[in-house]
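Fold and contact review
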Amino acid sequence: NPTTVINYQLAVDNYATLKVYNVVGKEVATLVNGYERAGNHQVTFNGTQLSSGMYFYKLQSGNNIEVKKLTLVK
């Protein structure tokens, strides 16, 4: 099953983006792109059209940026 749920938390209401990148830095998916309320959120990532391997996802909200690793195994 190539899907996973990504949980994230925002401290304040703000414009947010959550994007997935491959290991060479190419953007492969945009999961969130818009104004989000403060609090806990979750989004489902479906990697059906991607190959197995290592990916990174980047959450950016205001001046805050967080990057985490994601391993996709099919």
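Check the entry above for the structure.
These remarks concern the structure in this document. (Residues numbered from 1 in each chain as written. Predicted model: local features only at pLDDT ≥ 70, side-chain atom pairs only at ≥ 80, totals over all residues. Heavy atoms only, no water.)

**Considerations on the environment of Gln-60**
Short version of the rule: A run of H or I in DSSP becomes a helix once it reaches four residues, and a run of E becomes a strand once it reaches two; helices and strands are each numbered from the N terminus. Per-residue accessibility, obtained with a 1.4 Å probe over protein chains only, is compared with the maximum for each type, and a residue is labelled buried under 20%, exposed over 50%, and partly exposed between these values. Here, residues are in contact when the closest pair of their heavy atoms is within 4.5 Å.
Tracing the backbone through its elements, the reader meets Gln-60 in strand 5 (residues 53-61). The partly exposed category is assigned to Gln-60, whose relative accessible area is 28%. Sequence separation between Gln-60 and Thr-17 is 43 residues; the distance between their C-alpha atoms is 5.3 Å. The residues touching Gln-60, leaving out its near neighbours within four places in the chain, are Tyr-15, Ala-16, Thr-17 and Ile-65.

**As for the pairing of strand 6 (residues 64-72)**
Note the cut-off: For two strands to pair, DSSP has to find at least two bridges joining them.
Bridge analysis of strand 5 against strand 6 gives nine bridges, and the strand direction is antiparallel. Across the sheet, the residue bridging to Tyr-57 is Lys-68, located in strand 6. Remark: two residues form the turn of the hairpin made by strand 5 and strand 6, two consecutive strands paired antiparallel; Gly-62 in that turn has positive phi of roughly 65°.

**Some thoughts on the sheet that holds strand 6**
Rules: Angles run from 0 to 180 degrees between N-to-C directions of axes, and those axes are lines fitted to C-alpha atoms, restricted for helices to the stretch in contact.
Taken in spatial order, the four strands of this open sheet run 3-2-5-6, and their pairing is antiparallel. Looking along the sheet, the strands with just one partner apiece sit at the ends: strand 3 (27-36) and strand 6. Neighbour-to-neighbour, the strand axes of the sheet open up by a mean angle of 15°, direction not taken into account. Inspection of the sheet shows strand 2 (residues 14-22) paired to strand 3 by eight bridges, in the antiparallel sense. In the sheet register, Asn-14 faces strand 3, and the bridge partner there is Glu-36.

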